[in-house]
Amino acid sequence: MFKKILIANRGEIAVRIIKACQEMDIKTVAIYSKVDKDAPHVQLSDEAINIGDPIPLESYLNIPKIIKIAKETHAEAIHPGYGFLAENPDFAKSCSDINIKFIGPPPKVISLMGDKIAAKTLMEKAKVPVIPGYHGEKQDTSSLINEGKKIGFPLLVKAAAGGGGKGMRIVHSEKLLEESIESAKRESKSAFGDNTVFLEKYIDKPRHIEFQILADEHGNVIHLFERECSIQRRHQKIIEETPSPVMTNELRDKMGKAAVNAAKAVGYTNAGTVEFMVDGNLNYYFMEMNTRLQVEHPITELTTGIDLAKWQLRIAAGEKLTLKQNDLSQRGHAIECRIYAEDPANGFLPSIGRLTKVEAPIGPNIRDDSGIYSGMEVTSFYDPMLSKLITYSENRNDNIKKMIWALSHYIVLGVTTNITFLKEVLNHAEFKKGNITTHFIDNFFKDWTITKDGLPVDAIIALAVYDSIHTKSKEIVRYKEEDPHSPWKHVGRWRVGGREV
Amino acid sequence: MFINYEHEDHVYNVTIERKNNHYFVTYDNTEYKVQAEEVKPGQLKIKIGDRIIKSIITEGEKEKFVFVEGQVFKVKPVELTSMKKRKKKDEGDLSSPISGKVVSINVKKGDLVKKDDVLMVIEAMKMEYLIRAPYDCKIKKVNFKEKDQIEIGQTTVEISKKED
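Residues numbered from 1 in each chain as written. Chains lettered and ligands numbered in written order. Predicted model: local features only at pLDDT ≥ 70, side-chain atom pairs only at ≥ 80, totals over all residues.

Looking now at the overall build of chain A. For chain A, the helix and strand inventory stands at 16 helices and 25 strands. For chain A, whose C-alpha radius of gyration is 25 Å, the value lies close to the compact-globule estimate of 23 Å for 501 residues. Taken along the three principal axes of its C-alpha coordinates, chain A extends 90 × 55 × 45 Å. Expressed as a percentage of its 501 residues, the buried residues of chain A come to 49%. In chain A, of all internal contacts separated by at least 6 residues, the share reaching a separation of at least 24 is 64%. (Helix = DSSP H or I, 4+ residues; strand = E, 2+ residues; numbered from the N terminus. Rg over C-alpha atoms; globule rule 2.2 N^0.38 Å. Buried ≥ 20, exposed ≤ 12 C-beta atoms within 10 Å, placed from the backbone. Contact = placed C-beta atoms within 7 Å.)

Shown next, in the form of structure tokens:
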């Protein structure tokens with residue numbers, strides 16, 4: 001096993017990986033940009049190296065700087081987390097070039113799966129079902145428009161190198177096709193440095209269901225069941241659960257095998273995820289393979305009892321998978337809610353500012369994977385995800401209630417968050433029935449606002465009391481100093497709830 | 001003590017007086033007699049009849065955040081003397097929804113554009129935000145150029161309704 005590794009990430013995922021390392025007696029090196037100098041991952045690690053300017057290209061995306069730090073600190077391996085360099089084949093290659101183990105699949109596999117066009121072609125060959133579309137090389141706008149017309153509307157324009165909804169557009173009519181192609185290309189260019197796009201048929205009533213894979217470097221591949229990730233906004237997941245409410249044992253078996261075959265077809269190693277689109281009739285299509293630890297990995301950990309972050313480290317160190325497919329089982333139900341600094345009432349726009357108060361809920365089977373603290377500044381440099389709240393219960397109904405309780409006790413003040421919004425999604429009758437698709441938010445929460453009824457009376461009373469305590473106490477001091485005969489001087493002896501003012 | 005709070009374009013007028021161990025809060029012609037304790041900084045336990053309100057309040061730069069019954073409300077205090085006139089958001093207000101970078105400008109001064117045409121593209125956190133024409137209109141002024149940094153609330157493009 002490694003003695004020391006570097007974590008090329010920040011936020012909750014860096015914290016998650018450091019904790020796994022600590023349990024395994026592996027020393028950790030954190031990197032941080034200027035604005036993250038007090039961040040939790042910096043506090044927790046054994047060593048923390050300042051990597052400079054907060055702009056991602058100068059810090060968490062800067063391959064030469066990170067490689068240099070890894071060498072200087074004698075790290076034997078690098079864990080990339082998710083996002084940033086996690087799916088960057090050049091980074092993985094730069095690591096292996098200097099004999100540092102990249103904790104993830106080989107660079108070749110990352111490039112292959114990162115090229116969504118090549119990935120689909122390969123999956124078609126491996127007899128994994130794929131969605132009809134244009135994955136061709138003709139990338140000029142007029143060719144793309146022609147191909148788009150052939151597929152028909154609505155269709156999706158997707159960045160070949162994309163992920164997380166970036167560089168993705170749904171096009172409902174021919175009129176908007178040109179504009180959408182150009183804008184997707186631009187966004188993809190700036191986010192991924194590549195403007196290749198592809199087009200595909202837009203599936204009706206689609207669910208996003210993915211399978212977790214673990215593959216060792218000795219040819220063993222297992223799947224750890226599904227995650228239902230249909231609840232999305234701006235094409236990014238906000239609520240994930242497992243098991244999926246529509247999953248049957250038979251379908252799970254079929255899709256699980258397809259996922260394992262997909263992984264074997266590319267020679268996959270380490271933890272990965274095979275994403276499928278599932279339509280209203282439970283037909284499934286391969287969408288893409290994520291060659292990293294997913295944001296939503298904790299729900300799989302809770303329902304299988306398997307620590308994915310630790311297995312990533314063991315696999316990277318060359319250990320064999322001791323888990324056998326037939327020994328694995330899924331028990332109970334887990335949900336993850338992503339807590340974002342964003343305003344759901346205003347197009348989910350990110351909200352920045354200082355977190356004046358952070359207090360996570362504590363209770364049985366509640367897990368908070370967090371990268372925030374009271375006093376922290378949320379900046380516009382990085383993704384606005386603050387933390388992930390995960391709950392586990394015997395069954396889905398109980399678990400929805402537990403999650404609502406936990407969200408109601410999650411205190412994040414100072415920026416606008418999506419907490420109330422998440423609660424309302426969980427409380428929605430169709431969600432409770434499990435009738436969800438990737439359009440759920442658009443269908444039911446399009447013009448959502450936080451308060452239909454304005455400020456509740458309890459909030460008004462609390463504010464008035466707070467202001468009364470805080471403003472007057474200052475005045476009292478002043479009156480006492482200035483006029484010893486002022487009636488206010490008696491105020492000083494007032495006791496509010498037993499506390500001297 | 002009179003206080004006005006502004007929340008989502010509404011102003012709430014409140015009076016609070018302290019007498020002995022109680023606070024008397026008057027709002028919307030109703031008086032609430034409450035007992036209160038600040039158990040930790042910003043954390044209030046308020047007894048109202050046999051009901052208890054637990055609330056956490058923190059102060060940001062300009063506003064206060066109130067956590068009560070699992071919900072957060074952002075409230076701005078309003079000066080009594082200068083009651084802020086409620087600015088109705090004009091649908092022709094093309095202020096930037098986000099702080100970011102201008103990646104493209106599709107129009108220039110004098111252009112006539114149709115409703116929903118994209119006027120400007122702003123990028124922040126790797127996402128694009130499109131500024132679209134709210135109605136058929138004429139471009140009066142473009143306030144930014146490509147690659148400019150733009151702050152939230154700044155007016156992107158000034159427009160005038162097309163005269164027929």
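Picking up where we left off.
Along chain B, the regular secondary structure elements total 0 helices and 15 strands. The buried share of chain B, taken over its 164 residues, is 29%. Taking as baseline every contact in chain B between residues at least 6 positions apart, the subset at least 24 positions apart corresponds to 41%.

With that settled, consider the sheet that holds strand S2 (residues 10–19) of chain B. Residue and element names in this part refer to chain B. Judged by pairing direction, the barrel is antiparallel, and its 8 strands sit side by side in the order S1-S2-S3-S4-S5-S6-S7-S8 before closing back on the first. The mean angle between the axes of side-by-side strands here comes to 35°, regardless of whether they run parallel or antiparallel. Where strand S4 (residues 30–40) meets strand S5 (residues 43–48), 6 bridges bridge the pair, whose relative direction is antiparallel. Within S5, the residue paired with Lys 40 across the bridge is Gln 43. (Pairing = 2+ DSSP bridges. Axes fitted to C-alpha atoms, helices over the stretch in contact; angles between N-to-C directions.)

Residues and elements named next belong to chain B. Taking strand neighbours across the sheet as the criterion, the 4 strands line up as S12-S11-S9-S14 in an open arrangement whose pairing is antiparallel. Of all the strands in the sheet, the pair left with one neighbour each is strand S12 (127–132) and strand S14 (149–150). As judged from the 6 bridges shared by strand S11 (residues 118–124) and S12, these two strands associate in the antiparallel manner. Across the sheet, Val 121 pairs through a bridge with Leu 130, a residue of S12.

Let us look at the domain arrangement of chain B. Taken domain by domain, chain B comprises domain 1 (2–78) and domain 2 (100–161). Its C-alpha centre places domain 1 of chain B at a distance of 41 Å from the equivalent point of domain 2 of chain B. (Domains from an automatic or database assignment.)

Our focus in this paragraph is the packing of helix H12 (residues 396–408) of chain A against helix H13 (residues 419–427) of chain A. All names here are of chain A. The contact between H12 and H13 brings their axes to 10 Å, and the two run at 160°. It follows from the interaxial angle that H12 and H13 lie roughly antiparallel. The element H12 and its partner H13 pack so that their crossing is left-handed. Of the residues in H13, those touching H12 at Ile 400, Met 403, Ile 404, Leu 407 and Ser 408 are Ile 419, Leu 422, Lys 423, Leu 426 and Asn 427. (Parallel < 35°, antiparallel > 145°, perpendicular 65-115°, else oblique. Left-handed = near helix turned anticlockwise from the far one by under 90°.)

In this section: the environment of B:His7. Residues and elements named next belong to chain B. In this fold, His 7 is placed in strand S1 (residues 2–7). Given 20 C-beta atoms within 10 Å, His 7 falls into the buried group. When the C-alpha atoms of His 7 and Val 75 are compared, they prove to be 5.0 Å apart, with 68 residues separating the residues in sequence.

With that settled, consider the nonpolar core. Within the largest apolar cluster, 73 residues are counted, with the highest numbers of intra-cluster contacts made by A:Ile78 and A:Ile213. Here this core gathers at least three residues from each of two domains, domain 1 (4–103) and domain 3 (205–331) of chain A. Those residues within four positions of A:Ile213 in sequence are excluded, and the remaining contacts are A:Val221, A:His223, A:Ala259, A:Val260, A:Ala263, A:Tyr268, A:Ala271, A:Gly272, A:Thr273 and A:Val274. Ranked by size, the runner-up nonpolar core spans 68 residues in total, among them A:Leu386, A:Val415, B:Ile53 and B:Phe73. (Core = buried A, V, L, I, M, F, W, Y, C linked by C-beta atoms within 7 Å.)

It is common to give the size of an interface as the accessible area lost on bringing the parts into contact. Each partner contributes to the interface: chain A provides 48 residues, whereas chain B provides 56 residues. Those elements that place two or more of their residues in the side of chain A that touches chain B are helix H8 (177–192), strand S17 (349–350), strand S18 (353–354), H12, strand S23 (411–413), helix H16 (457–482) and strand S24 (495–496) of chain A. Examining the composition of the side of chain A that touches chain B, we find that 13 residues originate from one element, H16(A), more than from any other.

Moving residue by residue along a regular strand, the side chains alternate between the two faces of the sheet. Residue and element names in this part refer to chain B. Along S11, 5 of the 7 residues are buried, which leaves the element largely enclosed by surrounding structure. As judged from the 4 bridges shared by strand S9 (residues 100–105) and S11, these two strands associate in the antiparallel manner. The residue bridging Lys 101 from the neighbouring strand is Glu 123, located in S11.

Another point: helix H11 (residues 308–316) of chain A. Because each turn of an α-helix spans 3.6 residues, side chains separated by three or four positions end up pointing in the same direction. All names here are of chain A. Buried residues dominate H11, accounting for 7 of its 9 residues. All of the buried residues in H11 are Leu 308, Ala 309, Trp 311, Gln 312, Leu 313, Ile 315 and Ala 316. Contact partners of the buried residues in H11: helix H1 (11–23), strand S4 (77–79), strand S5 (101–102), strand S10 (207–215), strand S13 (270–278) and helix H10 (297–304). Following H11 by one or two positions, Gly 318 adopts a phi angle in the positive range, close to 95°.

Residue and element names in this part refer to chain A. With respect to the helices and strands, the residue Glu 430 is situated in helix H14 (residues 429–433). A tally of 13 C-beta atoms within 10 Å means that Glu 430 is categorised as partly exposed. Considered as a pair, Glu 430 and Phe 440 are 10 residues apart in the sequence and their alpha carbons are 9.0 Å apart. With residues up to four places along the chain from it excluded, the contact list for Glu 430 reads Asn 435 and Phe 444.

Residue and element names in this part refer to chain A. With omega at -5°, the peptide bond leading from Phe 153 into Pro 154 counts as cis. For Pro 154, the position within the fold is in the loop between helix H7 (141–151) and strand S7 (155–163). For Phe 225, which is not a glycine, the phi torsion comes out positive at approximately 70°. If you trace the backbone, Phe 225 turns up in strand S11 (residues 221–233). Its 21 C-beta neighbours within 10 Å are what place Phe 225 among the buried residues.

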